Amino acid sequence: MSSSIVFVFGLLIGSFLNVCIHRIPKSISIVFPNSHCPKCKKEIIWYDNIPVFSYLMLRGRCRNCNSVISPRYLIIELLTGILFVMAFNKFGLTRDSGSILMFLSVISLFSFLIVIALIDLNTRYIFDVTVVPLALAGIFLSFIIPGRQPLLALAGYLTGGAVFLAVAVFSLAVYRQEGMGMGDVKLAAATGTFLGWQGVLYMSLLSVFLGAIISGYLLLSGKKKRMDPIPFGPFIVLGTFIVVLAGDKITLAGNYLFPIFLKD
Ligand SMILES: [Zn+2]
């Protein structure tokens, strides 16, 4: 399997993730109906719905009404393709079932996280319909992937939830405003089912660190005001990407801290 096939597969999944990002907050089915132009409501024909290619051919405009289509669709598709290739380079993909399950588990985790981060950015809300299936998937996969331990997944769930619950209570007590919502707590817990308790601790450190730097920059540069809420979900997502793709490199202790992502 070559990385270009994985990339094209990532683009196709990215196209589907765009649909999820758009429809989940509105409680519309992610399967039916087919995609429509948001302006003129005309159904998009399959050949105008090919990831990246159609966008470039139509120069980012609707074929029917000529209104501009957000480049965001293109960016999400490319981002998904790139993350899938990074997962492929990191974990490989051979014919043995353990390797296939491992790769599938990483790309499903990434797909959920892309949807969750983008919906949080758009709506400042993390939906149960995204985090609950993610947690269940992590627990389920820990039973079927060779080398993974269900107890470690459960410990990751509890650790992620406990750390972020503590941060939420702390920020409420100190800043007297909700810095972090229950959605963030549930998301951190769900990522813990994939990362294990060690991985989720690293994710917590990374995401709080990234959150502090980036919100500090947004406040200092005047892009955000003191009381403007900054969604925290994207930082949890960013922290998880880093731990999964580079966790073994950022720890002096090495790979054994992340037994869940060990190759056999
Ligand atoms: Zn249109």
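Residues numbered from 1 in each chain as written. Predicted model: local features only at pLDDT ≥ 70, side-chain atom pairs only at ≥ 80, totals over all residues. Heavy atoms only, no water.

1. A short note on the domain arrangement of the protein
- Looking at the protein, the domain boundaries give domain 1 (1–93) and domain 2 (96–264).
- The gap between the C-alpha centroids of domain 1 and domain 2 is 24 Å.
- Contacts between the two partners involve 20 residues from domain 1 and, on the opposite side, 24 residues from domain 2.
- When residues of domain 1 are sorted by the area they lose upon contact with domain 2, Ile21, Lys90 and Phe91 head the list and together hold 32% of the total.
- Remark: the boundary between domain 1 and domain 2 carries zero salt bridges. (Domains from an automatic or database assignment. Contact = heavy atoms within 4.5 Å. Buried area = accessible area lost by both parts, 1.4 Å probe. Salt bridge = Lys/Arg side-chain N within 4 Å of Asp/Glu carboxyl O.)

2. Concerning a nonpolar patch on the surface
- Side chains of Ile45, Trp46, Tyr47, Ile50, Phe53 and Met57 sit close together on the surface and give an oily, nonpolar patch of about 660 Å² of accessible area.
- Note that Trp46 resides in the loop between helix H1 (3–23) and helix H2 (53–57).
- Looking at Trp46, the relative accessible area reads 66%, which means it is exposed. (Patch = residues over 30% accessible without salt bridge, like charges linked within 9 Å, V, L, I, M, F, W, Y side chains within 5 Å. Areas by Shrake-Rupley, 256 points an atom, 1.4 Å probe, with all protein chains shown as cover. Helix = DSSP H or I, 4+ residues; strand = E, 2+ residues; numbered from the N terminus. Buried < 20%, exposed > 50% of the residue type's maximum accessible area, 1.4 Å probe, protein only.)

3. Some points on the nonpolar core
- Judged by nonpolar contacts, the single largest core of 53 residues is most densely connected at Phe110, Leu134, Phe164, Leu187 and Met203.
- Elements with a minimum of two residues in this core: H1, helix H3 (72–91), helix H4 (97–123), helix H5 (128–144), helix H6 (150–175), helix H7 (182–220) and helix H8 (233–250).
- For this core, the element with the most residues is H4, which contributes 13 residues.
- Summarising the domain contributions, this core has at least three residues from each of domain 1 (1–93) and domain 2 (96–264).
- In this structure, Leu134 is in contact with Leu109, Phe112, Leu113, Ile116, Leu187, Ala190, Thr193 and Phe194, ignoring residues within four places of it in sequence. (Core = buried A, V, L, I, M, F, W, Y, C linked by side-chain atoms within 4.5 Å.)

4. Structural notes on the packing of aromatic side chains
- Across all of its chains, the model carries seven aromatic pairs by this definition.
- Ring geometry for Phe88 versus Phe103: centroids 6.2 Å apart, planes at 80 degrees, classification edge-to-face. Here Phe88 is found in helix H3, whereas its partner Phe103 is found in helix H4, with 15 residues between them in sequence.
- Since its relative accessible area comes to 12%, Phe88 is described here as buried.
- Classification of Phe103 by relative accessible area gives buried; the value is 5%.
- Pairing Phe232 with Phe235 gives two aromatic rings, centres 5.5 Å apart and planes at 55 degrees, and the pair type is tilted. This pair shows no difference in class: Phe232 is buried, exactly as Phe235 is.
- Taken together through their ring pairs, the aromatic side chains of Phe164, Phe232 and Phe235 make up a single cluster. (Phe/Tyr/Trp six-rings, centres within 6.5 Å; stacked < 30°, edge-to-face > 60°.)

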